[in-house]
Amino acid sequence: MEFQARRIKFTVRKSARKKHFAQLQDANKRMQKLLESSDQISAARQRGRLSTAPSLLNRKLNEFWRHAKRLHEALSTAWQCACAGHVAILGLEHRTSEDVEFNVLFHLDNNQHRLDWHGTKIKMVTDTNSLSIAVPQQLAGGRVRFDVSNDEGEVAMTENMAIIHDLCSALSSKCIDCISFLAAEDHRFMLYAGGHATPLSNPTTITLQDVLSNAETFTRRRRYELALTLASSYLQLGATPWLNKGLLKEDIVFLQNPTEPLFDHPYIRQRMSPPSDTPASEVIPSLGIRLLELCFGKPLEATSFRSQLPAGDDTLAPIFDYTAAIQWSRLVSEEAGPEFAEAIEWCLHAKTLNNNSWRKELWQHVIVPLDACHKQVWQKFIPI
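A few points on the structure. (Residues numbered from 1 in each chain as written. Predicted model: local features only at pLDDT ≥ 70, side-chain atom pairs only at ≥ 80, totals over all residues. Heavy atoms only, no water.)

**Here we look at the nonpolar core**
Right, so step 1: Of all hydrophobic cores here, the largest spans 78 residues; its most connected members are Phe102 and Phe340.
Right, so step 2: Here phenylalanine 102 is in contact with Phe64, His67, Ala68, Leu71, Leu90, Arg95, Thr120, Lys121, Ile122 and Phe189, once residues within four sequence places are set aside.
Right, so step 3: Counting residues in each nonpolar core, the second largest holds 7 residues, with Val87, Ile89, Val253 and Leu255 among its members. (Core = buried A, V, L, I, M, F, W, Y, C linked by side-chain atoms within 4.5 Å. Buried < 20%, exposed > 50% of the residue type's maximum accessible area, 1.4 Å probe, protein only. Contact = heavy atoms within 4.5 Å.)

Below, the structure written as structure tokens:
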């Protein structure tokens, strides 16, 4: 009865009715302008991607994967010892510089429980006349800073350098001033080996799998930053021996101080073994699954989408993972916005890509949107 009375009152009172309809019309117009503005911003952002991506890609990153491949070849050639199980972890970063530098940690002991890591800074040079050498300076708290030196005396000393033929012995050397190089094709990779005097004091490592399973300190800002870093690293390392298989949570590692992982410095773990030739388009969906996990802050196997499917064997498990990821990805837009959703959607459907153009498309459809998400989160300083 109350509803009917209000309806009759609204029908009879013409002035109130006109007022309410006018307010509704005004709200609709404002909504229309907001949607049009959003469409214009999206279109402008897309035009910006298409105009800036080729120049940035060609200038900074288009050749980097070739150098990463050369470094892996040089390192593999230099492993001349009979030891088994050597591991190298390569530092990952969202690169904004054209410098070809690598941070690599080596584990030399067969006993994986020993904390025997050797830190190195590797810089590629093609012209020894303009050579610069990164010399580590130990700081308080076990940190290290690399000061670049162009001193003429140091450049002159490179003329008498010997190529490293046995990397295991070179890294095991106790000489902290020993600087030498690896060679690949027409390039030199200058290497400073810390040996037993490495500034990393008994570091332990933790994997992304472990972090996602216990993610109290893995904040949204850190997850978005890592998502951008992983996508950018795939552009740099995809289809090279560093990253020519699925991007597994177990292979993404962080050094750990006594209180928490060093999230700002992720690494990719790689055994020094012959690489396999897997097309990039078949591997990129695994990047999409990692982005999904970073978006929501939990591993795929902890979701209802995955638990509803069989565990599967080595052949079927990846298929079930992919099926669950497709279902989970439908929630990304509500959780993180259209840019993050676009990046994940592109990765999950990358199997149809042309292997000759995937880097350019990865930049446009994944890195640029994730960079926008990352900047928004850092500007707003979202603590959760």
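**Details of the pattern of salt bridges**
Right, so step 1: On inspection of all chains with the given rule, the structure shows 10 salt bridges.
Right, so step 2: Residue arginine 220 is joined to glutamate 335 by a salt bridge in which the shortest nitrogen-to-oxygen separation is 3.7 Å. On the criterion of sequence distance, the pair formed by arginine 220 in helix H7 (residues 220-237) and glutamate 335 in helix H11 (residues 332-336) is long-range, its members being 115 residues apart.
Right, so step 3: For arginine 220, a relative accessible area of 16% gives the class buried.
Right, so step 4: Judged by relative accessible area, glutamate 335 falls into the partly exposed class, the value being 33%.
Right, so step 5: A salt bridge links lysine 245 to aspartate 251, with the nearest nitrogen and oxygen atoms 3.6 Å apart.
Right, so step 6: The buried category is assigned to aspartate 251, whose relative accessible area is 12%. (Salt bridge = Lys/Arg side-chain N within 4 Å of Asp/Glu carboxyl O. Helix = DSSP H or I, 4+ residues; strand = E, 2+ residues; numbered from the N terminus.)

**Considerations on the environment of leucine 235**
Right, so step 1: Locating leucine 235 in the fold gives a position in helix H7.
Right, so step 2: Taking relative accessible area as the criterion, leucine 235 reaches 1% and is therefore assigned buried.
Right, so step 3: Along the sequence, leucine 235 and tryptophan 363 sit 128 residues apart, while their C-alpha atoms lie 7.5 Å from each other.

**Notes on the environment of leucine 226**
Right, so step 1: Among the structural elements, leucine 226 can be located in helix H7.
Right, so step 2: The spatial distance from the C-alpha of leucine 226 to the C-alpha of glutamate 93 is 8.8 Å, given a sequence separation of 133 residues.
Right, so step 3: Not counting the four nearest positions on each side in its chain, leucine 226 is found in contact with Leu208, Phe218, Phe254, Pro266 and Leu294.

**Comments concerning the pairing of strand S3 (residues 117-125)**
Right, so step 1: The element S3 is largely enclosed, with a buried count of 9 among its 9 residues.
Right, so step 2: Here S3 shows two buried faces, one formed by Trp117, Gly119, Lys121, Lys123 and Val125 and the other by His118, Thr120, Ile122 and Met124.
Right, so step 3: Pairing between strand S2 (residues 101-107) and S3: 7 bridges, direction antiparallel. Bridge pairing links phenylalanine 106 to histidine 118 in S3. (Pairing = 2+ DSSP bridges.)

**Points about the packing of H7 against helix H8 (residues 280-296)**
Right, so step 1: Running from amino to carboxyl end, H7 crosses H8 at an angle of 170°, the nearest separation of the two axes being 9 Å. Relative to H8, the element H7 lies roughly antiparallel. On the side of H7, the interface is formed by Arg223, Leu226, Ala227, Leu230, Ala231 and Tyr234, while H8 contributes Ala280, Val283, Ile284, Leu287, Arg290, Leu291, Leu294, Cys295 and Phe296.
Right, so step 2: Here the residues of the contact of H7 with H8 sort into 13 nonpolar, no polar and 2 charged. (Axes fitted to C-alpha atoms, helices over the stretch in contact; angles between N-to-C directions. Parallel < 35°, antiparallel > 145°, perpendicular 65-115°, else oblique. Nonpolar A, V, L, I, M, F, W, Y, C, P; charged D, E, K, R; others polar.)

**What about the side chain of serine 233?**
Right, so step 1: Along the chain, serine 233 falls in helix H7.
Right, so step 2: When residues no more than four places from it in sequence are discounted, the contact partners of serine 233 are Leu92, Glu93 and Gly238.

**Observations regarding unusual backbone geometry**
Right, so step 1: Despite not being glycine, alanine 239 has its phi angle at roughly 65°, a positive value.
Right, so step 2: Its location among the elements puts alanine 239 in the loop between H7 and strand S9 (252-256).

**Description of the packing of aromatic side chains**
Right, so step 1: Per the stated rule, a full pass over the model turns up 7 aromatic pairs.
Right, so step 2: With centroids separated by 4.9 Å and ring planes inclined at 20°, the aromatic side chains of phenylalanine 218 and phenylalanine 263 adopt a geometry described as stacked. One end of the pair, phenylalanine 218, is in the loop between helix H6 (208-213) and H7; the other, phenylalanine 263, is in strand S10 (residues 261-271), and 45 residues separate them in sequence.
Right, so step 3: The exposure class assigned to phenylalanine 218 is buried, which follows from its relative accessible area of 3%.
Right, so step 4: Arranged with centres 5.5 Å apart and planes meeting at 70°, the rings of phenylalanine 254 and phenylalanine 263 form a pair that is edge-to-face. (Phe/Tyr/Trp six-rings, centres within 6.5 Å; stacked < 30°, edge-to-face > 60°.)

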